[in-house]
Structures are given as C-alpha cells and as structure tokens.
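Each chain, written out:
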Amino acid sequence: MSKLNLHDFAIMGGQAALKSKLPVGQLYWPEWDEYVAGFKGIFDRDYFTNQGPLVQELELRLQDYLGVKHVICVVNATVGLIMALEALGLKGKVVVPSFTFIASVQAITWAGLTPVFCDVDPRTHSMTVEQIEKVIDPNVSAILPVNLWGGTCLPDVLEDYARKRNISILFDSAHSFGVEYQGESVGGWGDAEVFSFHATKVFSTGEGGCIATNNDLLAKKLRNIRSSYGAGEPIEVIKTSNGRMSEAQACIGLLNLQRIDSYIQNNKKIFAKYNEIISKIKGLKIVEPSGVSHSNYQYVNLVVDEGKFGLSRDALMAVLAAENVDARRYFYPGVHNSNQYLEISKLADLRNTELLNNTLIQLPTGALVTPTLQDKICQLLIDISEFSVKLNAGRGA
Ligand SMILES: *Cc1c(COP(=O)(O)O)cnc(C)c1O
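Notes on the structure follow. In this text, all values refer to a predicted model and were calculated from it rather than measured experimentally.

## Some remarks on the overall build of the chain
Looking only at helices and strands, the chain has 14 helices and 12 strands in total. Over its C-alpha atoms the chain spans a radius of gyration of 22 Å, differing by no more than 12% from the 21 Å that the globule rule assigns to 397 residues. Its C-alpha atoms give the chain principal-axis dimensions of roughly 70 × 55 × 35 Å. The buried share among the 397 residues of the chain stands at 56%. With the model as given, the accessible surface of the chain reaches about 17,200 Å², and the carbon-plus-sulfur share is 53%. Put simply, the chain has 37 plus and 42 minus side-chain charges, and the middle of one group is 3 Å from the middle of the other.

Take a look at the structure:
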C-alpha cells in the first residue's frame, strides 16, 4: 500500500510498510530436509572437524567451480587473509584500498605488516594502477586489491603491475564468488584469492571462507599454517594457527554449492527489478557491478544524490529503517577514519573514498526478498521520493 500523506510514514508515526525487519541479505540456506540428512551423516560418522570427508569434498568441488589448482577451506575469510599474508612471507607495507571492509586492512595489521591506503576510482570503486602509483614506495612488498560488489578490480591489469614491480598480489574476493571476468571464474588471479562464505555472501557456509591459489608451494604452506591433520605433505612454517573449517560448515557449503546458479539468478532478477524502478526516481542511481562479464549481484548498491533526491543518504536510511527495511551503508564511516589508522590515512588523498562512504546505501536482496516484499520496497522508495522534501523537514519534528 502506498503512503498517501506524510503521517503514513513510520518515521512520522505511521505503520511500517514491512511487518518485520528485513535484513540486507544474502542468507541463502539449504532446504531443511537436506540439511537434516547432511547433519545425520556427520553424526553417523562421528567425525566433526579436522579436515573431514566433507571439507575434503568441498575443497575438490570448489577447485573445479573456481577453476583453480588449490582450494584451502578456512573458518572465515578474515583468518584466510591473515594466513595468506603470512604464507607469502611479506615484509614492511601492503597497499590496500581505503574503500573496503575493515577486515581487508585488519588482516594486514594482524600479519604484522603496515597498511598503505590507496584511494579508488569513483566510478568503479576499485583501486587502479594510477592510484597505486601515487602511494607506493620501496618498502611495499605486496598489494591487496579488493574485488567489490560482485565486480572485479580488473585482476589481470593489477597482476601485471605487481609482477613488473616484483611484489606479491593477494585479492580479497569476499564479494565475488561466482563472478566471471572475461568469461572465466575469478579465483586464480594473483598469488592467491580469498573468498568469504559468511551468511551475508552469496555462497554461504554460515561462517567460512577459502583461499584459492595456483601456486603449489603456497598451497602447501597454507595447509600447514592452517593445520590439516595429515592432509598433504608436512613442511616447516614459522607460524601455525587454527583456521580449520568444520564438517558442519562444509555440509552447508556442499548443499549450497548445488544451488549456487539459482541463487545468482535470483539475485539478478531482484537487481533488474530494482534497476527498472529506481532508474525512474530522481536522485537515486543503482551502481552496476564493474569489470565483470557475469556478476553474482551480491549487493544492490544505490548512490543517493541529496540535492536531487531531497534527502541525504543517512536520512533515507533512517526512513527505511522505520519501515523495517534494514538498508546498510557498508564501510561507513570508513576504515581509514578509525583511530588506529588516522596517521596512515593522512599520507594519502582519499577523497573518492570519503565521497563513496557518504553517498552509498545497500538495499535488501537475496533469499528473503520475495517478489511481494520487493514490490513493497520499490513502492516505498517511490513514496519517499515524492515526500522527500516534507520528510526532510518533518523528520524529528
Ligand atoms: C565479508 C568480508 C570479509 C570478511 O569475511 P569473513 O568471512 O566475515 O571473515 C573481508 N573482506 C570483505 C570485502 C568482506 O566483504
């Protein structure tokens, strides 16, 4: 039902458009029956972790799916990034985009290295060779580009650059599982790529992740750093950890992997519909995933032009939240603005990151967004745009 006057909006005291809070997504999960059967198998085997049969099978399937020689499943992507930085034997500094999730940067800190922030292209949201050139110095031993929003940062271009400079390159591909670049799945670029299987990502194991690499020695080191209970050849590494994925996680992963195409297809449909409606709303614009031949549409990213729309990004978020639409502003206020990185942030001009931090919002997508719910959200956005000036004046009044 559309809002006919200002006081119909929940933020003004009206009834919320959605009965309960709708999170931003992805939250794809196996069918209950499959899930029960899968877990029954784990209980029957009495084998719950330590590189069990399900983890081993998932690694093989992921190698096939991602088109990469080695997949090392891990407990989550943050630990995966830390392990990969350690396995690469880096020293000194690592260049990382300032426009990213805090984990990309925290992993560098955990690995005992120093992040160097790099601004991003305002159109693609990714760091480019030109931007890297502005901040790189001889103490930089690696770059850590991020494949964002179901897109890529042009991995071949950045890999070429890293090879020419003789430095390592590790991709944070947490947003880009199932994404194709120039017709091929991402996963094999650089020294390694790290994927997240968190529930908010299109391919989920609840918590989880993997490191993908074509480098045999790196894979061996990673299996030893993670610790793998006899799977693979033991070699000496300086630090070990516990980055193991459990059988429960792998079970969910194997079931979700069978359905990944339908999940991506569903995301794509939701994305297209938002695009159709939002393209007619003044001051709102959907960001198309950049640098891909096939996206996973893991996010629906919206740029809010306050001048044209009549409401700021934050005001829009507050109006939506009151209607039970839990839109997000990922990366706000920006990792470069956190206290421990303020000194480092001063060393670079991060104006595009600042701009993106303050204008982007992500709308719900994924498993929970039924066609009916999406209709409601779309109608809500239309209503908000019609009342935006009045809402802006009336909010908090
Ligand atoms: C989700 C995410 C991570 C961290 O993944 P976890 O599996 O939650 O540790 C890292 N980088 C980016 C860009 C992410 O979106």
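## Some details on the side chain of Asp326
For Asp326, the position within the fold is in the loop between helix H11 (313-322) and helix H12 (342-345). With a relative accessible area of 15%, Asp326 lands in the buried category. Here Arg328 takes part through its side chain, which lies 3.1 Å from a polar atom of the side chain of Asp326. The residues touching Asp326, leaving out its near neighbours within four places in the chain, are Lys21, Leu22, Pro23 and Val24.

## Structural notes on the packing of aromatic side chains
What describes a pair of aromatic rings is the distance from one ring centre to the other and the angle between the planes of the rings. In total, this model carries 20 aromatic pairs according to the counting rule given. Both rings, one in Phe177 and one in Phe203, keep their centres 4.7 Å apart while their planes meet at 15°; by these two values the pair is stacked. Of the two residues, Phe177 is situated in the loop between strand E5 (168-172) and strand E6 (180-181) and Phe203 in the loop between strand E8 (192-196) and strand E9 (209-213); the sequence distance between them amounts to 26 residues. The exposure class assigned to Phe177 is buried, which follows from its relative accessible area of 1%. Between Tyr181 and Trp189, the ring centres sit 6.0 Å apart and the planes meet at 75°, which makes this aromatic pair edge-to-face. On the basis of relative accessible area, Tyr181 is assigned to the buried category, the value being 8%. Here the aromatic cluster, defined as three or more aromatic residues joined through ring pairs, consists of Tyr65, Phe177, Phe195, Phe197 and Phe203. Taking NZ or CZ as reference, Arg313 lies 5.0 Å from the ring centre of Tyr332, over its face.

## Notes on the site of the ligand
Near the ligand the following residues occur: Asn76, Ala77, Thr78, Phe101, Ala103, Ser104, Asp172, Ala174, His175, Ser196, Lys201 and Gly208. Within the backbone of Ala77, one N or O atom sits 2.9 Å away from an oxygen atom of the ligand. For the ligand, an oxygen atom lies 3.1 Å from a polar atom in the side chain of Lys201. When isolated, the ligand has an accessible area of 390 Å², and the protein chains bury 92% of it. Put simply, the parts of the chain that give the shell around the ligand at least two residues each are helix H3 (77-87) and helix H4 (102-110). Its residues placed into classes, the shell around the ligand shows 4 nonpolar, 6 polar and 2 charged.

## Re the sheet that holds E8
Within the open sheet, the 7 strands sit side by side as E1-E9-E8-E5-E4-E2-E3. Their pairing is mixed. Strands with a single pairing partner mark the edges of an open sheet, and in this sheet they are strand E1 (70-74) and strand E3 (114-118). On average, each strand axis in the sheet is tilted by 25° relative to the strand beside it, whichever way the strands run. Pairing geometry for E8 and E9, over 4 bridges, is antiparallel. Note that in E9 the partner of Phe195 across the bridge is Cys210. Relative to E1, helix H2 (residues 53-66) is tilted by about 130°, and along the sheet it contacts E1, E8 and E9. Docked against the sheet, helix H7 (residues 216-226) engages E1, E8 and E9, running at close to 20° with respect to E1.

Calculation notes
Residues numbered from 1 in each chain as written. Predicted model: local features only at pLDDT ≥ 70, side-chain atom pairs only at ≥ 80, totals over all residues. Heavy atoms only, no water. Helix = DSSP H or I, 4+ residues; strand = E, 2+ residues; numbered from the N terminus. Rg over C-alpha atoms; globule rule 2.2 N^0.38 Å. Buried < 20%, exposed > 50% of the residue type's maximum accessible area, 1.4 Å probe, protein only. Areas by Shrake-Rupley, 256 points an atom, 1.4 Å probe, with all protein chains shown as cover. Lys, Arg positive; Asp, Glu negative; His and termini not counted. Charge placed at Lys NZ, Arg CZ, Asp CG, Glu CD. Polar contact = N/O pair within 3.5 Å; in protein donor to acceptor, adjacent residues only side chain to side chain. Contact = heavy atoms within 4.5 Å. Phe/Tyr/Trp six-rings, centres within 6.5 Å; stacked < 30°, edge-to-face > 60°. Lys NZ or Arg CZ within 6 Å of the ring centre and 35° of its normal. Near = heavy atom within 4 Å. Nonpolar A, V, L, I, M, F, W, Y, C, P; charged D, E, K, R; others polar. Pairing = 2+ DSSP bridges. Axes fitted to C-alpha atoms, helices over the stretch in contact; angles between N-to-C directions.

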